[in-house]
Structures are given as C-alpha cells and as structure tokens.
Amino acid sequence: MGDACAVCHTRWPRPRDPLGELPDGTEVYGCAECAEIAADHRRASMFDHMFAAH
C-alpha cells in the first residue's frame with residue numbers, strides 16, 4: 001500500500017520510489033536508500049548478463 005518501505009519497512013518519510021510490481025499489479029515502493037540499492041543491483045545484474053552473453 002506504500003505505507004512502509006518494502007525492503008526495510010521504514011515508515012517515515014513515506015516511501016516514494018517504485019521498486020517493482022506484484023503479480024496482482026500492485027506497485028511496491030521503497031525508501032530512497034533501498035531504491036538506490038535495488039537500482040545498483042539491477043544495473044550490476046544487467047552488466048553481468050551482458051558479459052556472459054558475449
């Protein structure tokens with residue numbers, strides 16, 4: 001529902017960064033710090049897959 005970060009469960013400030021989507025279409029939000037970690041993880045995973053494919 002966006003009341004708390006989906007990763008660390010921090011409630012304040014209210015999480016505003018979208019992290020993804022649940023199978024039912026509900027968006028999952030996170031605090032700025034957790035969203036940055038998730039973005040770094042996605043970026044690293046993309047590069048790992050890119051290098052593995054070549």
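Only a predicted model underlies this, so the values are computations on that prediction, with no experimental measurement involved. (Residues numbered from 1 in each chain as written. Predicted model: local features only at pLDDT ≥ 70, side-chain atom pairs only at ≥ 80, totals over all residues. Heavy atoms only, no water.)

Here we look at the pairing of strand β2 (residues 27–30)
Here β2 shows a clear split, with V28 and G30 buried on one side and none of E27 and Y29 buried on the other. Inspection of the sheet shows strand β1 (residues 17–21) paired to β2 by 4 bridges, in the antiparallel sense. Paired with G20 across the bridge in β2 is V28. Connecting β1 to the antiparallel partner β2 that follows it, the hairpin turn spans 5 residues, and G25 within it adopts a positive phi of roughly 95°. (Buried < 20%, exposed > 50% of the residue type's maximum accessible area, 1.4 Å probe, protein only. Helix = DSSP H or I, 4+ residues; strand = E, 2+ residues; numbered from the N terminus. Pairing = 2+ DSSP bridges.)

Section: the confidence of the model for the chain
The predicted model of the chain averages 79 in pLDDT, with 70% of residues at 70 or higher. No element of the chain has a lower mean pLDDT than helix α1 (residues 32–53), which averages 69, and none a higher one than β2, which averages 90. (pLDDT = per-residue confidence, 0-100.)

Considering the environment of H9
Relative to the helices and strands, H9 resides in the segment before β1. Since its relative accessible area comes to 57%, H9 is described here as exposed. The spatial distance from the C-alpha of H9 to the C-alpha of C31 is 8.7 Å, given a sequence separation of 22 residues.

Side note on the environment of G30
With respect to the element layout, G30 can be found in strand β2. For the pair G30 and D3, spaced 27 residues apart in sequence, the C-alpha to C-alpha distance is 9.5 Å. Apart from the residues within four sequence positions on either side, G30 is in contact with C5, A6, P15, R16, D17 and L19. (Contact = heavy atoms within 4.5 Å.)

Thoughts on the state of the cysteines
Enumeration according to the criterion identifies 0 disulfides in this entry. Here C5 is not cross-linked by a disulfide; its sulfur's nearest cysteine counterpart is in C8, at 3.7 Å. Here C31 is not cross-linked by a disulfide; its sulfur's nearest cysteine counterpart is in C34, at 3.6 Å. (Disulfide = S-S within 2.5 Å.)

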